[in-house]
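Structure assessment
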Amino acid sequence: MPTAILGQNYTFHALFLDAANNPLSVLGPTAKVFRFNSAGVELIVSSGSMSAVTGDPGRYQYTFTVPTSLSAGDTLFAVMSGTDPGTLTLLTTEDNVDLIYNPQLAGGINARFIR
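Structural notes, computed from the coordinates. Treat the numbers as computed from the prediction; the structure is a model and nothing was measured.

Basis of the calculations
Residues numbered from 1 in each chain as written. Predicted model: local features only at pLDDT ≥ 70, side-chain atom pairs only at ≥ 80, totals over all residues. Heavy atoms only, no water. Phe/Tyr/Trp six-rings, centres within 6.5 Å; stacked < 30°, edge-to-face > 60°. Buried < 20%, exposed > 50% of the residue type's maximum accessible area, 1.4 Å probe, protein only. Lys NZ or Arg CZ within 6 Å of the ring centre and 35° of its normal. Pairing = 2+ DSSP bridges. Helix = DSSP H or I, 4+ residues; strand = E, 2+ residues; numbered from the N terminus. Core = buried A, V, L, I, M, F, W, Y, C linked by side-chain atoms within 4.5 Å. Contact = heavy atoms within 4.5 Å.

1. Observations regarding the packing of aromatic side chains
- If you walk through the whole model with that rule in mind, you get 7 aromatic pairs.
- Taken together, a centroid distance of 5.5 Å and an interplanar angle of 85° make the contact between Phe-34 and Phe-36 edge-to-face.
- An angle of 20° between the planes, with centres 6.1 Å apart, marks the rings of Tyr-62 and Phe-64 as stacked.
- Residue classification places Tyr-62 among the buried positions, given a relative accessible area of 7%.
- What makes Phe-64 buried here is its relative accessible area of 4%.
- Grouping aromatic residues by their ring pairs yields a cluster made of Tyr-10, Phe-12, Tyr-62 and Phe-64.
- Looking at Lys-32, its charged tip hangs above the ring of Phe-34, at a distance of 5.2 Å from the centre.

2. Concerning the pairing of strand β4 (residues 42-49)
- Here strand β3 (residues 27-36) runs beside β4; their pairing, made up of 7 bridges, is antiparallel. Along β4, the bridge assignment pairs Phe-36 with Glu-42.

3. A look at the sheet that holds strand β6 (residues 59-65)
- Strand order in the open sheet formed by 3 strands is β2-β6-β5, and the pairing between neighbours is antiparallel. Edge positions in the sheet fall to β2 (9-15) and β5 (51-52), since each has one partner strand and no second.
- Relative to β6, β2 runs antiparallel, the two sharing 7 bridges. Considered in β6, the bridge of Phe-12 is made with Tyr-62.

4. Focus on the nonpolar core
- Judged by nonpolar contacts, the single largest core of 22 residues is most densely connected at Phe-12, Phe-64, Val-66 and Leu-76.
- Among the elements of the structure, β2, β3, β6, β7 (75-83) and β8 (90-100) are those that each provide at least two residues to this core.
- If near-sequence neighbours (up to four positions away) are discounted, Phe-12 is found in contact with Val-33, Met-50, Tyr-60, Gln-61, Tyr-62, Phe-64, Ala-78, Met-80, Asp-95, Asn-96 and Val-97.

If you want it as structure tokens, here you go:
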């Protein structure tokens with residue numbers, strides 16, 4: 001599973017395809033990033049419009065800053081949606097990412113090999 005560093009930017013990617021598995025430029029692509037609390041309630045962390053990736057039809061991205069108020073070991077989920085312009089069908093894909101502390105700020109081990 002991918003990891004994201006607390007306090008750093010992270011980018012979710014989505015590739016939208018039509019019924020024939022061809023890349024599809026969708027209408028109104030959006031992303032919602034969320035987590036669940038201990039009671040199972042969904043808490044939205046970030047949401048907004050996705051940006052088309054230049055030169056890669058059908059691929060979109062959503063970049064946000066991972067809040068430092070979260071904890072290492074938490075998992076964030078993303079639901080990314082866009083509308084097929086030909087059929088007006090809402091297309092949705094999902095992804096998730098595990099959170100980690102910034103190893104450079106967390107007092108991690110720094111190993112050097114000396115000859």
